[in-house]
Amino acid sequence: MIVAIVPSAGKGERFGAETPKQFLKLKGIPILIHTLLKFEKNSLVDEIVVVAPSSYIDFTLNLIRDYGLKKINKVVEGGKTRQESVWKGINAFSENAEIFLIHDAVRPFFSESLINSHVNTLLPQIKKKTPEFQGVIPAVPVRDTFNLVENQ
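Okay, so let's go over this structure. Note that the coordinates shown come from a computational prediction; the quantities given were computed from them, not determined experimentally.

### Structural notes on the pairing of strand β4 (residues 47-52)
In regular strands, side chains alternate between the two faces of the sheet.
Piece 1. Counting buried positions over the six residues of β4 gives six, a clear majority of the element.
Piece 2. With five bridges connecting them, strand β1 (residues 2-7) and β4 associate as parallel partners. Looking at β4, one finds that Val6 is bridged to Val50.
Piece 3. Across five bridges, the pairing between β4 and strand β5 (residues 72-77) is parallel. In the strand pairing of β5, Val50 is matched with Val75.
Piece 4. What joins β4 to β5 is helix α2 (residues 57-66), and the crossover it makes is right-handed.

So this is what it looks like as structure tokens:
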């Protein structure tokens, strides 16, 4: 079983909005939903666990219902740190989980092929009695942006 853990418990304080950025809309849809839809539509992902701020759990459940997401197993309260939130998500999973995919809620611009390549890299390792490795991390080239500003 493949489980996606989506940490969504951050407050987005540096962003400066009153609402946490995962609930802000992008093209009319909350950023969290954009991210969850990628896992919902992926045939390799069996379950999704969302880790949300305690004050937004009901709001998150309503969004999941409104957008008809079916793979969400649980929405759990986040921790004080991202690490603690991920741990809470892992502890909420189905006992049959073989692979955990952990992806931040506010990063919706990833591809289905990224999910598939990670799963397809890990599955053969899991089946080995002595796997060479037990995890993978995506490495995507950084694209720096430079702006020239005149007359400051």
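### Some remarks on the packing of aromatic side chains
Piece 1. Taken as a whole, this structure holds four aromatic pairs when the rule is applied.
Piece 2. Plain terms: the ring middles of Phe23 and Tyr56 are 4.7 Å apart, the flat faces sit at 10° to each other, and that makes the pair stacked. Of this pair, Phe23 sits in the loop between β1 and β2 (25-26) while Tyr56 sits in the loop between β4 and α2; the two residues are 33 residues apart in sequence, bridging distant segments of the chain.
Piece 3. Residue Phe23 is classed as buried on the basis of its relative accessible area, which comes to 5%.
Piece 4. With a relative accessible area of 22%, Tyr56 lands in the partly exposed category.
Piece 5. Where Tyr56 meets Phe59, the ring centres are 5.9 Å apart and the plane angle is 85°; that geometry is what we call edge-to-face.
Piece 6. You can call Phe59 partly exposed: its relative accessible area is 40%.
Piece 7. Grouping aromatic residues by their ring pairs yields a cluster made of Phe23, Tyr56 and Phe59.
Piece 8. The ring of Phe110 carries Lys38 above its face, with NZ or CZ at 5.0 Å from the centroid.

Reading the values: the criteria
Residues numbered from 1 in each chain as written. Predicted model: local features only at pLDDT ≥ 70, side-chain atom pairs only at ≥ 80, totals over all residues. Heavy atoms only, no water. Buried < 20%, exposed > 50% of the residue type's maximum accessible area, 1.4 Å probe, protein only. Helix = DSSP H or I, 4+ residues; strand = E, 2+ residues; numbered from the N terminus. Pairing = 2+ DSSP bridges. Right-handed = clockwise from strand over helix to strand, strands pointing away. Phe/Tyr/Trp six-rings, centres within 6.5 Å; stacked < 30°, edge-to-face > 60°. Lys NZ or Arg CZ within 6 Å of the ring centre and 35° of its normal.

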